Amino acid sequence: MAVDVKYATKATATGGRDGHARSEDGAFEAKLSTPKELGGAGGDGTNPEQLFAAGYAACFIGALKVAGGQLKLKVPAETQVTAKVAIGPRSEGGFGITADLVVDLPGIDRADAHKLVDTAHQICPYSNATRGNLDVGLTLA
């Protein structure tokens, strides 16, 4: 698969799940904490699953806007995507993640909303990266 790269960035993590992460330009910086559910102390830091959920939700809204242009449907400014990312042991060994997206397109009729979501799921880089690798649920709010 060839990708015509238009943007690239870097982030560095130190200390693992109980460490620190920072983008190369310093625009993003976060303390990391392992959730109690994964055997950590919890705490006031974020974790990779929260970061993935935020990135997927934001990217999916961008994909909805592109889909709206293709389908000649206006995506409302009030559109919201909530991504639930879960982690746990896989039956095959190791750990796996799941993602569920709840898409709220206020004022859009259900049939058009389904078209937008289905088209966006084919466009979104996160959806394309995860397709066939983890279960992604799509629900209209």
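Per an unreviewed UniProt entry, the protein carries the name Peroxiredoxin, Ohr subfamily and comes from Sphingomonas palmae. Checking UniProt for the protein, the heading Sequence similarities (unreviewed entry) contains the comment "Belongs to the OsmC/Ohr family."

## Digging into the side chain of serine 23
Secondary-structure assignment places serine 23 in strand β2 (residues 20-23). Judged by relative accessible area, which is 9%, serine 23 ranks as buried. Among the polar contacts made by the side chain of serine 23, one reaches the main-chain amide nitrogen of alanine 27 at a distance of 3.2 Å. With sequence-adjacent residues up to four places away left out, serine 23 is seen in contact with Lys10, Ala11 and Phe28.

## A look at the sheet that holds β2
With antiparallel pairing, the 3 strands of this open sheet are ordered in space as β1-β2-β3. Looking at strand neighbours, the two that pair on one side only are β1 (11-14) and β3 (29-31), the edges of this open sheet. Mean inter-strand twist for the sheet, computed between neighbouring axes without regard to direction, equals 10°. In the sheet, β1 pairs with β2 via 4 bridges, with the strands oriented antiparallel. Bridge pairing links alanine 13 to alanine 21 in β2.

## Points about the state of the cysteines
Should the sulfur atoms of two cysteines be covalently bonded, the bond is a disulfide. The tally for this structure, following the rule as stated, stands at 0 disulfides. No disulfide involves cysteine 59; its sulfur sits 3.7 Å from the nearest other cysteine sulfur, which is in cysteine 124.

## Some points on the environment of cysteine 59
Tracing the chain through its elements places cysteine 59 in helix α1 (residues 48-71). With 66 residues separating them in the primary sequence, cysteine 59 and proline 125 have C-alpha atoms 7.5 Å apart. Ignoring sequence-local partners within four residues, the contact set of cysteine 59 consists of Cys124, Pro125 and Tyr126.

## Structural notes on the domain arrangement of the protein
In terms of domains, the protein is made up of domain 1 (1-46) and domain 2 (48-140). Measuring from the centre of the C-alpha atoms in domain 1 to the corresponding centre in domain 2 gives 21 Å. The interface is formed by 6 residues belonging to domain 1 together with 5 residues belonging to domain 2. Both faces combined, the contact of domain 1 with domain 2 buries some 510 Å², and carbon together with sulfur accounts for 63% of it. The largest contributions to the domain 1 side of the interface with domain 2 come from Arg17, Leu38 and Thr46, which together make up 76% of the buried area. In this structure, the connection of domain 1 to domain 2 is made through 1 salt bridge. One salt bridge in this structure joins arginine 17 and glutamate 49, with 2.5 Å as the shortest N-O distance. At the boundary of domain 1 and domain 2, one finds 2 residue pairs in polar contact (both at pLDDT 80 or more). When grouped by side-chain class, the residues that make up the side of domain 1 that touches domain 2 number 3 nonpolar, 2 polar and 1 charged.

About the criteria used
Residues numbered from 1 in each chain as written. Predicted model: local features only at pLDDT ≥ 70, side-chain atom pairs only at ≥ 80, totals over all residues. Heavy atoms only, no water. UniProt positions renumbered as here; feature names shortened; annotations may be inferred. Helix = DSSP H or I, 4+ residues; strand = E, 2+ residues; numbered from the N terminus. Buried < 20%, exposed > 50% of the residue type's maximum accessible area, 1.4 Å probe, protein only. Polar contact = N/O pair within 3.5 Å; in protein donor to acceptor, adjacent residues only side chain to side chain. Contact = heavy atoms within 4.5 Å. Pairing = 2+ DSSP bridges. Axes fitted to C-alpha atoms, helices over the stretch in contact; angles between N-to-C directions. Disulfide = S-S within 2.5 Å. Domains from an automatic or database assignment. Buried area = accessible area lost by both parts, 1.4 Å probe. Salt bridge = Lys/Arg side-chain N within 4 Å of Asp/Glu carboxyl O. Nonpolar A, V, L, I, M, F, W, Y, C, P; charged D, E, K, R; others polar.

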